[in-house]
Amino acid sequence: MLEEKLKMFENRLTKVFKHRSKIAARRGIGCYRVYENDLPEFPLSIDFYEDKLYVAEYLRRHSLTDDEHAIWLRESIGLMSKVLAVDQRKIFVKQRKKMSHRSANTQYEKQDAVQEFYTVAEGGLKFLVNLSDYLDTGLFLDHRLTRQMVKEEAAGKRVLNLFCYTGSFSVYAASGGAKAVTSVDLSKPYLQWAEDNFRINLLKNESAFQFIHGDVMQYVQTLKPASFDIIVLDPPTFSNSKRMEDFMEIQKDHAALINNCLYGLSAGGVLYFSTNFTRFVLDEHKIKATSIKDITKATTDFDFSGKLKRWCYKIYK
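The sections below set out a description of the structure shown in this document. A quick note: this is a predicted structure, and the numbers were derived from the prediction, not measured.

For the rest of this paragraph, the subject is the environment of C31. Its place among the elements puts C31 in strand 1 (residues 31-36). As for C31 and A121, which are separated by 90 residues in sequence, their C-alpha atoms are 7.7 Å apart. Filtering out sequence-adjacent residues up to four positions away, C31 remains in contact with F48, Y49, E50, V120, A121, L141 and R144.

Next comes the structure, spelled out in structure tokens:
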């Protein structure tokens, strides 16, 4: 029975890899998703980080014992190694739980303490990724096109990156010639990670590039009018960190959060807003914008087409 399922998996993985690897090679992309939960018997996402694989197993109900599951996982990894031509020692596996949006911020919590970072390239830039210590790697591959959009508009602009995580949007903006880039996050380790990403890209300008440790919900309430020309806002679905003054729930709080950002934008400024909350509905009538453009499809690249569960908007002041 397992052999039959593994054969199905092998056929599917071979097919998608043949297709996506050609596109990636043609476009010079070394970090991309090759498989995303295509078969219910193999609830996995598989990402290439150049010569390494990052595999996330989605928690699901199954009838396997612990020993049977261990065999299934071992055989699956062996098959990935064979089809994708990656040494098993370069395959990193994590179990990603299906969780309610109220616990979504746990994806940022540390899972291990290996502290082994690898440098990968994207868009002619360098980024540090960690494939062992967290559920997420430090570089969200699904925003590849969104980052490029920001870079292309950043020249001479003042850019604010909120919930900046490891600063990939900030690096793109700075490399695009931004006049100033401010990155804000509640996590000191992620802010340090962001600074390290600037360092490896030789982006050094202490007066122009600022990294602020703070609660974004509080920070946006202090924005002065016309402080920034571009703002990137990619918040977690829900956050109740002990360091926050209050909890945040994106469906309930997004309109106020967006309006605070719009207040801090210059006339004609742009806010890039994204959320991974699958049941999200934008409260357009509450948002004080001149226009709102849904760019979800425009920011969905080849390796996430038909699979991406997030929304992305370009909101103009």
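For the coordinates displayed, the defined rule picks out 19 aromatic pairs. Geometrically, the ring pair formed by Y134 and Y190 is tilted, given 5.7 Å between the ring centres and 45° between the ring planes. In this pair, Y134 is assigned in the loop between strand 6 (125-130) and helix 3 (144-153) and Y190 in helix 5 (residues 188-200), connecting sequence segments 56 residues apart. Seen in terms of ring centroids, Y165 and Y190 are 4.8 Å apart; in terms of plane orientation they differ by 65°. Their pairing is edge-to-face. Highlighted residues: Y165 in the loop between strand 7 (158-162) and helix 4 (168-175) and Y190 in helix 5, separated in sequence by 25 residues. The burial state of Y165 is the same as that of Y190; both residues are buried. Counting every residue linked through ring pairs, the aromatic cluster contains F117, Y134, F140, Y165, Y190 and W193. Taking NZ or CZ as reference, K52 lies 4.3 Å from the ring centre of Y118, over its face.

About the cut-offs
- Residues numbered from 1 in each chain as written.
- Predicted model: local features only at pLDDT ≥ 70, side-chain atom pairs only at ≥ 80, totals over all residues.
- Heavy atoms only, no water.
- Helix = DSSP H or I, 4+ residues; strand = E, 2+ residues; numbered from the N terminus.
- Contact = heavy atoms within 4.5 Å.
- Phe/Tyr/Trp six-rings, centres within 6.5 Å; stacked < 30°, edge-to-face > 60°.
- Buried < 20%, exposed > 50% of the residue type's maximum accessible area, 1.4 Å probe, protein only.
- Lys NZ or Arg CZ within 6 Å of the ring centre and 35° of its normal.

By themselves these figures say nothing about function.
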